[in-house]
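Fold and geometry: a report
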Amino acid sequence: MAYLFDPPPQPALPVFGTDLLFPVRRIWCVGRNYAEHAREMGHDPDREPPFFFAKPADAIVASGSTIPFPMATEDLHHEIELVVAIGQGGVAIDAERALDHVFGYAVGLDMTRRDRQAEAKRLARPWEMGKAFDRSAPMSAIAPASRIGHPVRGAIVLAVNGEIRQAGDLAQQIWSVAETIAHLSRLVELAPGDLIMTGTPAGVGPVRPGDRLEGRIEAVGELAVTYAAT
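Residues numbered from 1 in each chain as written. Predicted model: local features only at pLDDT ≥ 70, side-chain atom pairs only at ≥ 80, totals over all residues. Heavy atoms only, no water.

This part covers the pattern of salt bridges. Under the definition given, this model contains nine salt bridges. The partner of Glu214 in a salt bridge is Arg212, with the nearest N and O atoms 3.5 Å apart. We classify Arg212 as partly exposed; its relative accessible area is 37%. Connected via shared salt-bridge partners are Lys55, Glu79, Asp110, Arg114 and Lys131. (Salt bridge = Lys/Arg side-chain N within 4 Å of Asp/Glu carboxyl O. Buried < 20%, exposed > 50% of the residue type's maximum accessible area, 1.4 Å probe, protein only.)

Written out as structure tokens, the structure reads:
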């Protein structure tokens, strides 16, 4: 059997310090995992079970890229996040062993068409058109856990055109990485190549054509992308 047309390239991220690529299978995202961000979005940040949404693997954009401003939005927002790269799959993973399933970590941006997301919320519709659009997941190279360990605290910062917009700490997460993996693995079977975006701290805000976004997470890495001017 042959493909009807050539399949698209496999989405992948570089592995820091090597010439290897991490093939990306799926991208799962945790909603409202920092208390201050939950409050700024109008929600009570109690410790209810985490909820998840998805982005397509081909939404990934490499750090250093200049990308077109997305269509169909007048209110694009930035959300900087710690990204977890799964290296070993499983179902119903215990939180105590969850970090054994992590290959490494990256810096990511959950770019959001906030107007589309707000409309979906108002109409009780799915979020895909607000979250899962083209080039909505810029990401850095993956830093292997064997090199950096498993960060549980450390600064997470995003600047737009040199001005700091988001500044938090990984320790402010409502659900830890291990707890998030445990919850998600009871909803879907995790597999090598899956990525988990773990939520964003407070300070989300608008992005305009021509803006340069620079993010960093202490001990994990740095990320920079520029939106083309129209």
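Looking now at the packing of aromatic side chains. Summed over the entire model, instances satisfying the criterion amount to four aromatic pairs. Ring geometry for Phe22 versus Phe103: centroids 5.8 Å apart, planes at 25°, classification stacked. In this pair, Phe22 is assigned in strand E2 (residues 21-23) and Phe103 in strand E9 (residues 102-109), connecting sequence segments 81 residues apart. One aromatic cluster in this structure is built from Phe51, Phe53 and Trp127. In this arrangement the basic side chain of Lys55 is found over the ring face of Phe133, its NZ or CZ atom lying 5.8 Å from the centre. (Phe/Tyr/Trp six-rings, centres within 6.5 Å; stacked < 30°, edge-to-face > 60°. Helix = DSSP H or I, 4+ residues; strand = E, 2+ residues; numbered from the N terminus. Lys NZ or Arg CZ within 6 Å of the ring centre and 35° of its normal.)

Our focus in this paragraph is the side chain of His78. If you trace the backbone, His78 turns up in strand E7 (residues 76-78). Taking the relative accessible area as the measure of exposure, His78 reaches 0% and is therefore buried. There is a polar contact of 2.9 Å between the side chain of His78 and the side chain of Gln166. With sequence-adjacent residues up to four places away left out, His78 is seen in contact with Asp110, Met111, Leu158, Val160, Arg165, Gln166, Gly203, Val204, Gly205, Pro206, Val207 and Leu213. (Polar contact = N/O pair within 3.5 Å; in protein donor to acceptor, adjacent residues only side chain to side chain. Contact = heavy atoms within 4.5 Å.)

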